[in-house]
2 protein chains.
Amino acid sequence: MRIRLRNPDRQVEAEGPMSVAELLDHLDVLPHTVLVLHEAALVTADHVLPADAEVEIRPVISGGAESAPRCAICRAPAVLEERRHRAAWCAEHLVDHVHRQVRKAIDHPPARPDGERMCSYDDRLLVAVSGGKDSLALWDALDTMGYRVDGLYVGLGIGGYSQRSQEVCQSFAAARGLRLHVVDLAATYGYGTPSGAAASGRSTCGVCGLSKRYAFNRVAVDHGYDVLVTGHNLDDEAATLLGNVLRWQETFLARQHPVLPATGTNQVRKIKPLYRLSERESAAYCVVRGIDYVVEECPLVDGNTGHDLKAAFDLLEHGAPGLKAQFLFGFYDRQERLVDPVTADDVTVGACTSCGMPTTGQTCAFCRQRELILAALPVTGGVDSRGGAAATADRAARG
Amino acid sequence: MRIRLRNPDRQVEAEGPMSVAELLDHLDVLPHTVLVLHEAALVTADHVLPADAEVEIRPVISGGAESAPRCAICRAPAVLEERRHRAAWCAEHLVDHVHRQVRKAIDHPPARPDGERMCSYDDRLLVAVSGGKDSLALWDALDTMGYRVDGLYVGLGIGGYSQRSQEVCQSFAAARGLRLHVVDLAATYGYGTPSGAAASGRSTCGVCGLSKRYAFNRVAVDHGYDVLVTGHNLDDEAATLLGNVLRWQETFLARQHPVLPATGTNQVRKIKPLYRLSERESAAYCVVRGIDYVVEECPLVDGNTGHDLKAAFDLLEHGAPGLKAQFLFGFYDRQERLVDPVTADDVTVGACTSCGMPTTGQTCAFCRQRELILAALPVTGGVDSRGGAAATADRAARG
C-alpha cells in the first residue's frame, strides 16, 4: 500500500493487507497523534487496509513546526524531537520511548518467525561497552528492563582515550552494582591497536575491529554467556548497509542482521537491540538518565569510510526524515530474496587449530593477524596462545 | 575474484574466471598503464584468472599525483583526468575515449545476450536534446560515429531558460546540417511546465518529466523512429538507482536499465548510451569539440531530491573513485535476481482511449494530467486531443 505522511509531506510504501493499528506500529507513529484516512474517509485502528490501499496519515498536533515542541504523550515541554517519528518527548516519556523501541527490537526482530525473540529474561547477556553513549544507554536500558546483563570493556591501548573510556565504564558499573569484565588487549594478547596496526601494516580500524570482535566472543564463551549484545544503532546499521549495497558486497549483505545466531561451537548469539534507535536518541537517553559517557571520538578514526557514509546519509535524511529506517527495515523485509543463495549458504565452521575459537579455515583470522603482529613487535613476556581466559577471569567482577 | 587497485588504494570484486584482458576491459583500465599481479607474479593479457583469484592492478605511470597529468595514450599534456579511470587524456584522445565508451554501451549493453546491441546503423534514432552538455555531446558522438540520428527539442515554457536552450539546439543542428524537431508544450498541449504545475498542484519536476517523456515517445512514434535516445549519464543513473534502492522502490528497480524495449504498439525502444560516462566527461567532450551548450541549470529544480542524491553520492565518490560505476554496473549484473519476480512481471500495455499512446490503464497518465491542468487553466484555442502530430510535423526539419 502507498502511505502519504505529512509534515514533511512524503510517501512511503508498505506491504498489506494490515490493520490501521498494525500500520501505525510498523511506521512507529503514535496513534493518538494522527488521523488515518483511507479513500478520503477516516478509519479507526481495527480497520483493515487492503494491499493496494492509498492511505494518508495526517498529524493532528498543530503548531509543532513553529512553537516549542511538546511531549507526544503528556503535552509537557519536550526535551527531544525526532522528525523521523513526527514526535517529541519529555524526559520521562523519552525514556519510555527508548525502552519501547528496545523491547520491540527484542520481541519482534525483523524477518523472524513470530514469537522468536532476540533473547529472554533467563538468558545471561554480555553487553560490549566502549564508554560511548550507545553501549552505556543499552546496558542501562537492559538492566532497567530486568535483563540479566553484565558488561565487557576491551582496552585497545589508544592512550588517554582508552584510559578515560575504561574509567567511565567502571564508574557506570560501580554506581549500579553491575559486573564489568575488563580485557586489556596489550596485557592479554601482546599488542594494542596502534602498535598492532603499525606492525602489521593494516588499518587501525581493521586491527581494532577484528580484535574487539574476537575478544567479545572469547569472553562470552569463556564465561558461559548466552548472548553477546552490542550497541549498534540505526545510523550505524544504515550506513554499513549503504556501504555494502554500494559495492554489492554479497557476503556482508547476507550476514547483516540484528540477530546473528551462533553457527558453531565456541560462538554465542549476537544481537543489536538498538537498531531501531538513532544516535541522537541514545545520546539524549544518556543525558536524561544522567549517564556520564565519553563524548570525544576515537582519535584514530580520521578518514574512516564509515564517517563518509554517515555524512552522506545524514544529508539525505535531512531532506527525507525516516529514510535511514525505511532503507534498513526495507532491506530486512527483502533480505532473503536479495541475497545470492550461493552466498547465503552456511559455510562450515570449525575450531581454530591455535585458539579453538570458530573459524571457516584452519587458523582463525584473529590468530593469523596476531601472529603477523607479534612477529614484527618486540616480544612481551607472559602471554601464551590461550592467554585470554585467565587474564579476563582475573579482572572480572571489578564493577 | 578480489582486485586491489592502487592510487588511491582500494578493493573491488568481480566475478570470475576471466582473462586479464577481460578484467581490465571490465574495469575500464587501459592495459598499457598498469601491471597485473596474480599471486604476486606478473601475468599477461591472455592469463586466465580463477574465480577466487586475488589480483593486484598496479599503475606504472608515475608522478601522476603531483606532476601535470599526461595523456594515457600519447603522453601529451592532458586536458582531463578522471580518478575513476586512473587516466587522463589530451583533447584528441578524450574524444576517442568518449566514443569508445559510447560504442561499448551500444555494442555490449549490460545483462543482455552477446550480440544484442542497443541499436544498429540501420535504425533511425531520435535523440532528445535539452541544450545541455549531455544530450548535445551524445548527438554529436552518435552523428560522428555514423548513426542516423535526428534531434528533438521539447519547449517547456520556462521563460528565457527555455528560449536560450532552444536556440542552442537549433544552432547546433544548423551548423551540422542535422534535422531537429521542436515541440512547444504550450502550443501543442495547452500548458507549459510552470503553469501546468500551478494549475494541477503537482511539482514542476513531476509535470515536466511526464510531459517530456510523453512528447519524446509521441514524436518518435509519429515520425516512425526506431529508437529514442536520451542523454542520461553515469551520475544521473547512479543517483536515481540510489534513490530507488534507499526506498526499495521495486517497480522502479525493475525498470531501470540503459535499454528499455518497446512493450506495446505506439512505443519505441529507449536507450541511454551515455550511462558509462560521467557528467564531467560529457562536459569536457563538449568543450574540446567546440559544442556550445547551456551551462545554466533549470531555474525550477531547486529542492529537487535528485540534487541531494547527487551531492551525497559525490561525497562518497570523492573518497572512493569509481564507486558510482561499481554501484550501477554491479546492480545491472544482479538486477534479475534482485528484483521481485512479481514486480518484474510484464503488465498488459494497451492504448490510451484518449490519445492512443501506450498505457497500462484506460487513459494514460499524460492525458489524465493534461485534463486536470486544462480544467484549471483558461482555455487556449486550437488544441485538440490529438494535437501533437500536426504541430510537430509543421516545425520539424528546421535544423
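The rules behind each value
- Residues numbered from 1 in each chain as written.
- Chains lettered and ligands numbered in written order.
- Predicted model: local features only at pLDDT ≥ 70, side-chain atom pairs only at ≥ 80, totals over all residues.
- Heavy atoms only, no water.
- Patch = residues over 30% accessible without salt bridge, like charges linked within 9 Å, V, L, I, M, F, W, Y side chains within 5 Å.
- Areas by Shrake-Rupley, 256 points an atom, 1.4 Å probe, with all protein chains shown as cover.
- Salt bridge = Lys/Arg side-chain N within 4 Å of Asp/Glu carboxyl O.
- Helix = DSSP H or I, 4+ residues; strand = E, 2+ residues; numbered from the N terminus.
- Least-squares fit on C-alpha atoms with pLDDT ≥ 70 in both.
- Contact = heavy atoms within 4.5 Å.
- Phe/Tyr/Trp six-rings, centres within 6.5 Å; stacked < 30°, edge-to-face > 60°.
- Buried < 20%, exposed > 50% of the residue type's maximum accessible area, 1.4 Å probe, protein only.
- Lys NZ or Arg CZ within 6 Å of the ring centre and 35° of its normal.
- Axes fitted to C-alpha atoms, helices over the stretch in contact; angles between N-to-C directions.
- Left-handed = near helix turned anticlockwise from the far one by under 90°.
- Nonpolar A, V, L, I, M, F, W, Y, C, P; charged D, E, K, R; others polar.
- Expected span 1.5 Å × (residues − 1).
- Bend = angle between axes of the 7 residues up to and from the residue.

Re a nonpolar patch on the surface
Reasoning step 1: A grouping of A:Val79, A:Val287 and A:Val288 is seen on the molecular surface, where their side chains present a nonpolar patch of about 240 Å² in accessible area.
Reasoning step 2: With respect to the secondary-structure elements, A:Val287 resides in helix α10 (residues 279–289).

What about the relation of the copies chain B and chain A?
Two copies of the chain are present, and they differ by a rotation about an axis and a shift along that axis.
Reasoning step 1: If you rotate chain B by 180° and push it 0.1 Å along the axis, it lands on chain A with an RMSD of 0.0 Å. Classification of the inter-copy transformation places it as that of a two-fold axis.
Reasoning step 2: An overlap of 100% is found between the interface residues of chain B and their copies at the interface of chain A, pointing to a shared contact surface.

Quick notes on the packing of aromatic side chains
Describing an aromatic ring pair means giving the distance of the ring centres and the angle of the ring planes.
Reasoning step 1: If you walk through the whole model with that rule in mind, you get 22 aromatic pairs over all chains.
Reasoning step 2: Relative to B:Trp248, the ring of A:Phe331 lies with its centre 6.1 Å away and its plane at 35°, an arrangement referred to as tilted. Of the two residues, A:Phe331 is situated in helix α12 (residues 323–338) and B:Trp248 in the loop between α8 (234–246) and α9 (250–255); the pairing between them involves two chains. Side by side, A:Phe331 and B:Trp248 carry an identical accessibility label, which is buried.
Reasoning step 3: Ring centres of B:Tyr121 and B:Tyr147 lie 4.2 Å apart, and the angle between their planes is 15°; this geometry places the pair in the stacked category. Of this pair, B:Tyr121 sits in the loop between α2 (91–107) and β10 (124–128) while B:Tyr147 sits in the loop between α3 (133–144) and β11 (148–155), placing them 26 residues apart in sequence.
Reasoning step 4: Under the relative-accessibility criterion, B:Tyr121 is labelled partly exposed at 38%.
Reasoning step 5: On the accessibility criterion, B:Tyr147 (5% relative accessible area) is buried.
Reasoning step 6: An aromatic cluster of at least three residues, connected via ring pairs, comprises A:Trp248, B:Tyr275, B:Phe313, B:Phe327, B:Phe329, B:Phe331 and B:Tyr332.
Reasoning step 7: The aromatic ring of A:Tyr225 is capped on one face by A:Arg124, whose charged end is 4.2 Å from the ring centroid.

So, the packing of α3(B) against helix α10 (residues 279–289) of chain B
All names here are of chain B.
Reasoning step 1: One can describe the packing of α3 onto α10 by two numbers: an axis separation of 9 Å at closest approach and a directional angle of 65°. Seen from above, α3 lies across α10 with left-handed handedness. Across the interface between the two elements, Lys133, Asp134, Ala137, Asp140, Ala141 and Thr144 of α3 pack against Glu279, Ser282, Ala283, Tyr285, Cys286 and Arg289 of α10.
Reasoning step 2: Partitioned by chemical class, the residues of the contact of α3 with α10 number five nonpolar, two polar and five charged.

Topic: the environment of B:Cys71
Reasoning step 1: Along the chain, the position of B:Cys71 falls in the loop between β7 (54–59) and β8 (80–82).
Reasoning step 2: Classification of B:Cys71 by relative accessible area gives buried; the value is 0%.

Some remarks on α3(B)
All names here are of chain B.
Reasoning step 1: Taking 1.5 Å of rise per residue, 12 residues should cover 16 Å, and α3 covers 16 Å from first to last C-alpha, within 8% of that figure.
Reasoning step 2: With 10 of 12 residues buried, α3 is to be regarded as a mostly interior element.
Reasoning step 3: All buried positions along α3 are accounted for by Lys133, Asp134, Ser135, Leu136, Ala137, Leu138, Trp139, Asp140, Ala141 and Leu142.
Reasoning step 4: Directly beyond the C-terminal end of α3, a positive phi value near 100° is found at Gly146.

Let's talk about the pattern of salt bridges
For side chains bearing opposite charge, pairing can occur when the charged atoms are close.
All names here are of chain A.
Reasoning step 1: Across all of its chains, the model carries 51 salt bridges over all chains by this definition.
Reasoning step 2: For Arg84, the salt bridge goes to Glu281, with nearest N and O atoms at 2.9 Å. Here Arg84, found in the loop between β8 (80–82) and β9 (87–89), pairs with Glu281, found in helix α10; they are 197 residues apart in sequence, far enough to count as distant. With respect to class, Arg84 is no different from Glu281; both count as buried.
Reasoning step 3: Two residues, Asp150 and Arg124, come together in a salt bridge whose shortest N-O distance is 3.9 Å. Here Arg124 lies in strand β10 (residues 124–128) and Asp150 lies in strand β11 (residues 148–155), a separation of 26 residues in the sequence.
Reasoning step 4: The partly exposed category is assigned to Arg124, whose relative accessible area is 23%.

Comments concerning α12(A)
Residue and element names in this part refer to chain A.
Reasoning step 1: Look at α12: only 19 Å from first C-alpha to last across 16 residues, short of the 22 Å you get at 1.5 Å a residue.
Reasoning step 2: Its maximal kink placed at Tyr332, α12 deviates by approximately 45°.
Reasoning step 3: Burial runs high along α12: 13 of the 16 residues are buried.

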